[in-house]
Each structure stands twice: as structure tokens, then as C-alpha cells.
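Below, each chain spelled out in residue letters.
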Amino acid sequence: MPAHLTLHDTLTRTDREVTPLDGQTLRFYCCGPTVYGPAHIGNFRTFVAQDVMRRVVEASGTPTLHVRNITDVDDKTIRDSQKAGQSLIDFTQSWTAKFHTDCDALNLLRPHIEPSAVAHIPQQIAMIEKLAAGGHAYAAADGSVYFRVSSFKDYGKLSHLEDRELRLGASEAASATDSDEYTKDSLTDFALWKARKPEDGENFWPSPWGEGRPGWHLECSAMILEYLGEDFDLHSGGVDLIFPHHENEIAQSCCSTHGKFAHHWMHVAHLMVDGGKMSKSIGNLYTLEDLAKRGYSAAEVRYVLISGHYSAPLNFTMHSLDSARQALQKMAKADKALERGSPNPQHSASDSNPPSSSDGDSTLRSPAADSEVRAPGPFSEAWDTLLKDLNVPGALGSIFGTLNKLKPAALNPEEAAATRNGLHFMLQTLGIVLPPVLEEVAADVPPDIQALAQQRWDAKQAKDWATADTLRKQLEAAGWLIKDSKEGFSVVAK
RNA sequence: GGCGAGGUAGCAAAGUGGUAAUGCACUGGUCUGCAAAACCGGUAUGCGCGGGUUCAAUUCCCGCCCUCGCCUCCA
């Protein structure tokens, strides 16, 4: 199989091969969540795309070092922890735990390192000192420290805003009247260290410039230096982070080291809901919990999130979740047919795993559990498609196309086994966990329904079609479907 | 105003200089007493609009319209 993934690079605006600088391990950094509430599916779109990227790299034989931060100190975490009457640490830790629960449900591989901002204050202060020594930072009268954007000639290269003119829009007009902002030499300068304010409460740290807290952009630069060094393979985040966050990271890092910083930039487009942007006021900011209440599993959500190319906006709807459910069923059925057709079918995973969307991934059937899943087999077209800028929707289409062509039920044992291995390779790479096939047995059929169904079966055996049909309609009206087979019948919720 | 992404069947979404994957939905058939499942088919002469280049464009070029994002802390 082809060796390397090709990914679009935001900086050079070209598709480039993703290969490790050190020839061994792909080291990459993802901007993580700010933990002041549950993450929504838009946030998760980015994390899922990054997860697929990592899985593809690993599936192609390259180990990874995945670092993703937890932002646990900023205006929102401080504000909301105070509202909740909790310490910042307690507050952010509980939301971090929730984040992890959601990540597990979505079958996201845990980053190898997940550093938090408050745990790296000294590293951040050290970086500011370096910047100040190099003439890139200056302290304002109130004790805040700013980065002098004019001191970095490459500022704006990533976002291609180098020759932009600052327009004084509404938000800027507002911030310009903020006393904080008056202390900056230039409107474009950004905070490295924010002086302590009364509303910060207990949340401040000592520094050479007085008490305060680090600016948001700084944590990523400092933690990248700590765990990945001066330059590393790839940096990723949502498109909205290109400016100013990533631009500022580049400025901080390049000016405080001699490194080249990230060699590749991957940005994930936003998720839209019902054709528009998500917003709290519209009430379309869904969390996994919201969707679980509507009966949708995290696996179904994941499928929807990967069903559009990461670089293009994706429209999320309830119908897309229904569609995902059916698509997963289709895959699961194909998998089952392949399993039946394979020689020495192993213990049927689908039999041993209860249908559950709320359990952690450990109890779900994961192709990752199969030991010899290493090659795409008949799905090489899908695999090749995936390697071209992570074309997941193209790969999914190819997988179905291949399944349609192969007719899983008609393969000989060897072909079935090989096909199943290939399918699992692809599923594992996409992080798709197949659901149990919805069939026959419905555990919680009420006794009266069961009795009616039995009557219908008896009538059918007596070839009393009229009675049988009447009873079937009666059951359907009550919300139950009858499915007959040669041996008997089953009742399924409509 | 600047920068960026996108406009492909009812919905979603790939893709290509040579006439449109795939999933959902819908629909015809086989099978079934009838259904369900399964299997075999069908469903965009068309890819935002108008020009241009070309033997040939949805795919390249130009112009225009529309949607979305970013333009200081939002994945």
C-alpha cells in the first residue's frame, strides 16, 4: 500500500506528503478544548478529523506522538468556575473528565500527552522572558506583557493577512475603549501575560512582571516547545484558529527559539447545522448528550462528522444521523455476512456485545481488536482515496462500492476472510465501530404484544390469512412489526 | 472592504478535460399467502448563472450571483 498520507497545508496552500521529520515518528499538536462546559459536535468535528488523520498515519506504518492541550485558564473558565462556586482546578477538571467521556464515546484515540495550561505556567513565563530579551515583548504600565507584532516580519504569513489594513469594526471599537487595550503600543499586539484583575479572584500567579495569568496563545507555544521541541511535523485545529491564534503561536515560537515551528498546518472546516452556523441563541449547539436524548449513539454522530471532507463545511441535520444509522447497519450486515462466510468464524463479537451507545468504547465491538488487520485487501481503492488529503467521504463511497460489487454472501471462505480483514482495516482506520445488527430478537416486548403476535402466527399456520392480517395491522398500529421466517416469527419495535 | 471555503439529484456528499461514486429517501422486480429481510434494477442529458478556450467542460479561464467562515482570544 502507498506509504504516505498527503494533506493540504494551509501555509503553502499545497497538498504535501505527511512524513516525519525524524524519519520515525510523526509528531503533531492539536489545539484542544477550553474546558468550561460540554464540548459540542462542532468542536468534535475537528477532533474526529484529527483522529482519522492520526489513524491513517498509523495504519500506513508510522507511529505518532500526539499532543493536545487542555485550556484551563482564560476568561471563560475563570468566570464560570466562579459562577459554579468551584475552584478553577475543580471546575476545569470536572469538565475535562466530561470531555474525556465524550471522546471515548466517539472512539477518539487518546493523545499521548495532554498538557494543561495551568500546569505549565513556568514554561510560559520562561518563554516570555526569552521574547522580552529578544526585544519581542514589552511590559505595560499595569503589569501586562504584550508581543510586539512589528518585531516579527513574517507575521501574517499563515493567514495571508500580511498586508491587511486594520479596520476599526464594532468589536475593535469596543475593545479599544477597554482600559486594557490602551496599554498596547499597537492594536495588533497581543497579550502574553495579563495583569491580575479583581475579577480574577484567586486565579493569579506570580511573575517577574507582577501577579497575573498567561495569555491564551502562549500556552500552546510553551507546551509545544516542552513536548515537541522547536520544530515538529504538523499542527492542527479549526479554521477559526488560523487567525489570530496560530498566527500568534508562530510569532511567539519563532521569536523565542530558532525553530521553524510546525512544518505542516491542517485546518478543519466548521460544522453547520441545518444550513446555518451554530449558535447558542438559535439553540442548535448540540452536545453528545443532547443527541443521546434523541436516541442517537456517539458512533452515529462520529459517522456523520466524518461523512464530509474535513476541508469543506459540513451540514449537520437530524436526517444525516438517520442516514448514518442506516449506513452503519448496512456495513454491519455486510460484516456479518463476511463473518459467516469465513472459515473458522471466531467468536461472534456481535453476539457478545450488547447494543449500547452510552458505554465506553471498551465494551463495543472494535475492529481494532482484531490482531491481523493490516491491509486494505479488496478495499485498496478506498485506502488510496483516504491517503489523498484524507478523503473520508470518497473512501466511504468506495467501501460501499466494493461491498456491492463483491457480494459478501457469495464469496468463498478465503475471499470472505480476506475481505473481512480488509473491511476491518478500513473501519479501524476510520475509527468506525460497527453497531450490532438490528434483527430478530427484541428483548422487551410486552406480554400482551407477544400474545397477539403468537395468535397471528397460529392463524397463519392455520392459513387463516384474514385473521393473520388483521392481527398484523393491530400490532402495527401499536407500534410493532412482525417479521416471519421459516422457523417462526419475531416482533420488532417499529 | 480584505482573506478563505463552498454552491453537484428530494436530502447528504465524492469526483473528473471525454460525458456524473456512494449513503439516506423514493421506486420497479424476484422472493414471500401478504409483509419484512435479502437479492436484481430505476431515479441528475445534468453538476449556481453568463461568457470564453477546446474536437470535447460539470471539470480550465474571465465576469457575475448566492451561502458560510475569519478579520483579536470561537473547533
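Presented here is a report on the structure given in the accompanying data block. (Residues numbered from 1 in each chain as written. Chains lettered and ligands numbered in written order. Predicted model: local features only at pLDDT ≥ 70, side-chain atom pairs only at ≥ 80, totals over all residues. Heavy atoms only, no water.)

Topic: the nonpolar core
Point 1. Within the largest apolar cluster, 72 residues are counted, with the highest numbers of intra-cluster contacts made by M53 and I432.
Point 2. Counting residues per element, this core draws most heavily on helix α1 (residues 41–59), at ten residues.
Point 3. The two domains that each donate at least three residues to this core are domain 1 (6–268) and domain 2 (288–430).
Point 4. One finds A117, F232, A251 and F261 within the second-largest nonpolar core, a separate group that totals 38 residues. (Core = buried A, V, L, I, M, F, W, Y, C linked by side-chain atoms within 4.5 Å. Buried < 20%, exposed > 50% of the residue type's maximum accessible area, 1.4 Å probe, protein only. Helix = DSSP H or I, 4+ residues; strand = E, 2+ residues; numbered from the N terminus. Domains from an automatic or database assignment.)

Considerations on the packing of aromatic side chains
Point 1. For the structure on display, the rule yields eleven aromatic pairs.
Point 2. With centroids separated by 5.1 Å and ring planes inclined at 10°, the aromatic side chains of F147 and F190 adopt a geometry described as stacked. Of the two residues, F147 is situated in strand β6 (residues 145–147) and F190 in strand β7 (residues 190–195); the sequence distance between them amounts to 43 residues.
Point 3. F147 sits in the buried class, given a relative accessible area of 0%.
Point 4. Assessed through its relative accessible area of 7%, F190 is described here as buried.
Point 5. Note on F261 and W265: the rings are 6.0 Å apart at their centroids and 45° apart in plane angle, and the pair reads as tilted. In this structure, F261 and W265 share a single accessibility class: buried.
Point 6. Site record: aromatic cluster; members linked through ring pairs are F44, F47 and F99.
Point 7. When the ring centre of F47 is taken as origin, the NZ or CZ atom of R68, which lies over that ring, is 5.1 Å away.
Point 8. Over the face of the ring belonging to F204 we find R196, whose NZ or CZ atom lies 3.7 Å from the ring centre. (Phe/Tyr/Trp six-rings, centres within 6.5 Å; stacked < 30°, edge-to-face > 60°. Lys NZ or Arg CZ within 6 Å of the ring centre and 35° of its normal.)

Considerations on the sheet that holds strand β10 (residues 234–238)
Point 1. Strand order in the open sheet formed by four strands is β4-β3-β10-β12, and the pairing between neighbours is parallel. Both edges of this open sheet fall to β4 (64–68) and β12 (265–268), since each of them pairs with a single strand only. Shown here is a sheet whose adjacent strand axes are inclined to one another by a mean of 20°, direction ignored.
Point 2. Here β10 pairs with β12 via four bridges, running parallel. Across the sheet, G238 pairs through a bridge with V268, a residue of β12.
Point 3. α1 contacts β3 (26–30), β4, β10 and β12 of the sheet and is inclined by roughly 135° relative to β12.
Point 4. This element, helix α8 (residues 242–256), spans β10 and β12 of the sheet and lies at about 155° to β10. (Pairing = 2+ DSSP bridges. Axes fitted to C-alpha atoms, helices over the stretch in contact; angles between N-to-C directions. Contact = heavy atoms within 4.5 Å.)

Examining the pattern of salt bridges
Point 1. Enumeration according to the criterion identifies 22 salt bridges in this entry.
Point 2. In this structure, D80 and R79 form a salt bridge, with 2.8 Å as the shortest nitrogen-oxygen distance.
Point 3. Through salt bridges that share partners, D51, R55 and R302 make up one connected network. (Salt bridge = Lys/Arg side-chain N within 4 Å of Asp/Glu carboxyl O.)

Brief notes about the side chain of H136
Point 1. Tracing the backbone shows H136 in the loop between α4 (121–133) and β5 (137–139).
Point 2. H136 gets classed as buried once you look at its relative accessible area, which sits at 14%.
Point 3. Beyond its immediate sequence surroundings of up to four residues, H136 is in contact with L131, Y146, F147, R148, S151 and C255.

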